[in-house]
Amino acid sequence: MALIKKEHFGIARKIVSNMTSESWESIPHCTMTYEADVTELFAECKKLNADCTDKEKKITINTVMMKILCEGLKAAPKMNTHLEFNRKLVRGCLKYFDHIDISMPMILPSGEMMTVNMHDMGNKTLSEMTAEINDTIRRAKNSDMNEVMYEVSLDNTLTGLKNGKILQTIRRLYGSKTGKHKVKNLTGQAKKNYYSIPATERLTKHDIEQGTTTISNLGSIYREQKGECALLEIIPPQTTAFAINAAQKRPTVVTDENGKDSIETRLIMPITIAIDHRALDYGDVVPLLRKLDEIFDNPSVIQSWK
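Residues numbered from 1 in each chain as written. Predicted model: local features only at pLDDT ≥ 70, side-chain atom pairs only at ≥ 80, totals over all residues. Heavy atoms only, no water.

Bringing the overall build of the chain into the picture now. For the chain, the helix and strand inventory stands at 10 helices and 9 strands. Within the chain, buried positions represent 40% of all 306 residues. Sequence separation of 24 or more characterises 70% of the internal contacts of the chain that already satisfy a separation of 6 or more. For the chain, the accessible area works out to roughly 17,700 Å², and carbon and sulfur atoms hold 54% of it. (Helix = DSSP H or I, 4+ residues; strand = E, 2+ residues; numbered from the N terminus. Buried < 20%, exposed > 50% of the residue type's maximum accessible area, 1.4 Å probe, protein only. Contact = heavy atoms within 4.5 Å. Areas by Shrake-Rupley, 256 points an atom, 1.4 Å probe, with all protein chains shown as cover.)

This part covers the side chain of Asp101. Locating Asp101 in the fold gives a position in the loop between strand S3 (91–96) and strand S4 (102–107). Comment: no salt bridge for buried Asp101; closest opposite-charge side chain is Lys124, at 7.3 Å. The residues contacting Asp101, other than those within four sequence positions of it, are Asn117, Met118, His119, Asp120, Gly211, Thr212 and Thr213. (Lys, Arg positive; Asp, Glu negative; His and termini not counted. Salt bridge = Lys/Arg side-chain N within 4 Å of Asp/Glu carboxyl O.)

In this section: the nonpolar core. Met79 and Phe296 are the most contacted members of the largest nonpolar core, which totals 60 residues. Top element by residues in this core is helix H3 (residues 61–75). It accounts for 7 residues. Aside from chain neighbours lying at most four places away, what touches Met79 is Leu73, Thr239, Thr240, Phe242, Ile273, Ile275, Leu280, Asp284, Val285 and Leu288. The next biggest cluster of nonpolar side chains, apart from the first, holds 7 residues, and it includes Ile27, Cys229, Leu232 and Ile234. (Core = buried A, V, L, I, M, F, W, Y, C linked by side-chain atoms within 4.5 Å.)

This next bit is on the packing of H3 against helix H4 (residues 126–141). Orientation of H3 relative to H4, taken along the N-to-C sense of each, is 120°, at an axis distance of 10 Å. Considering their axes alone, H3 and H4 lie oblique with respect to each other. The way H3 lies across H4 gives a crossing that is right-handed. In contact with Thr63, Val64, Met66 and Lys67 of H3, H4 contributes Leu126, Met129, Thr130 and Ile133. Split into classes, the residues belonging to the contact of H3 with H4 amount to 5 nonpolar, 2 polar and 1 charged. (Axes fitted to C-alpha atoms, helices over the stretch in contact; angles between N-to-C directions. Parallel < 35°, antiparallel > 145°, perpendicular 65-115°, else oblique. Left-handed = near helix turned anticlockwise from the far one by under 90°. Nonpolar A, V, L, I, M, F, W, Y, C, P; charged D, E, K, R; others polar.)

The next thing to look at is H4. Between its first and last C-alpha atoms H4 spans 23 Å; for 16 residues at 1.5 Å apiece the expected length is 22 Å, and the two agree. Buried-residue contacts for H4 involve helix H2 (39–48), H3, S4, strand S5 (113–118) and helix H8 (205–208). (Expected span 1.5 Å × (residues − 1).)

Here we take up the packing of H3 against helix H10 (residues 286–297). Helix-helix packing is characterised by the crossing angle of the two axes and by the distance between the axes. Interhelical geometry of H3 versus H10 gives an angle of 135° and a closest axis separation of 8 Å. What the angle tells us is that H3 and H10 run oblique. At the point where H3 passes H10, the crossing takes the right-handed sense. Residues Met65, Ile68, Leu69, Glu71, Gly72, Leu73 and Ala75 of H3 form the contact with H10, whose own contacting residues are Pro287, Leu288, Lys291, Leu292, Ile295 and Phe296. Looking at side-chain class alone, the contact of H3 with H10 contains 10 nonpolar, 1 polar and 2 charged residues.

Our focus in this paragraph is the confidence of the model for the chain. Of all residues in the chain, 89% have pLDDT values of 70 or greater, and the mean over the chain is 88. H10 holds the highest mean pLDDT among the elements of the chain, 98, whereas helix H6 (residues 166–177) holds the lowest, 62. (pLDDT = per-residue confidence, 0-100.)

Attention shifts here to the pattern of salt bridges. Scanning all chains against the criterion turns up 17 salt bridges. Its salt-bridge partner being Glu40, residue Arg266 comes within 2.6 Å of it at the nearest N-O pair. A residue pair is termed long-range when its members are at least 10 positions apart, and Arg266 in strand S9 (residues 261–276) and Glu40 in helix H2 qualify at 226 residues. Note on Glu40: relative accessible area 40%, which makes it partly exposed. We note a salt bridge from Lys291 to Glu294, for which the minimum N-O separation is 3.3 Å. Remark: Glu294 and Lys291 occur in helix H10; sequence separation between them is 3 residues, near one turn of the helix. Residue class for Lys291 comes out partly exposed when judged on its relative accessible area of 23%.

Moving on, we come to H10. End to end, H10 covers 16 Å across 12 residues, agreeing with the expected 16 Å (1.5 Å per residue, within 8%). Residues of H10 that are buried include every one of Leu288, Leu292, Ile295 and Phe296, and no others. Viewed end-on, H10 has its buried residues packed into an arc of 90°, placing them on one side of the element. Those residues of H10 that are exposed and aimed more than 90 degrees away from the buried face are Arg290 and Asp297. Where H10 is buried, its residues contact strand S1 (29–37), H2, H3, strand S7 (240–244) and S9. (Arc of directions from axis to C-beta.)

Judged by side-chain polarity, Ile107, Met113, Ile221 and Tyr222 come together as a nonpolar surface patch covering roughly 410 Å² of accessible area. Positionally, Met113 belongs in strand S5. (Patch = residues over 30% accessible without salt bridge, like charges linked within 9 Å, V, L, I, M, F, W, Y side chains within 5 Å.)

In structure tokens form, the structure reads like this:
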């Protein structure tokens, strides 16, 4: 066996590696799968765009599914929380929010994947959500993601220093400023030129900061996906995470109005749900599941969300 290449982590990969490591080291994950029958929902989604001639205003399945999960979170506010937990003192506190900020992984124009914060998605219409997502994509094209991630990393490091994490701060500075692992960010005229771009025209740390939950759409990355996500990490201090899988044809038991069962080919979209067991029990998920049942049983409701 011969080594053919070494690839040192850039700042984005460093941040992802650090956050996911912290997730699995500290959070007792519990996961479940909700199998959504989206056969009728897909038909309703086509109706949403029946009169749409502007491609940028077209409401996607991704947006509809995000809105559905937001409605579920409204019914289960305990799932839209941040956790503060001190294991040594066995002290915990849940922080509730009056809005739903979605941490949403997206593929950037460069081909890199980055998690952006879609703010206040719970109170937006489908059209407003579509406009917000498109605007984020537009601003991403003007952004140097290494610079954005450096801002986030620096802010996180300074916050840690304020909280007395001196050793962590020293280690991070050493790891990012020395040797082959040195983080390369803009300097000189290039930095001046970049920061001369108005903040409204590029992504800033405000767009990358932690949301109240994370929703990943795996199906949008690979529509030919077969099966479903079994595990996904919860990024602290969030207490939940969701993965929307690709829609797949599956044999399904269908009960007609007379109570008679039959097997039909239906379009099923599995949704993987992860909870932090320190903060939530399975019973806390039930209100969300009931809301999802209500929506998928009566998918025409999405027309009122437009």
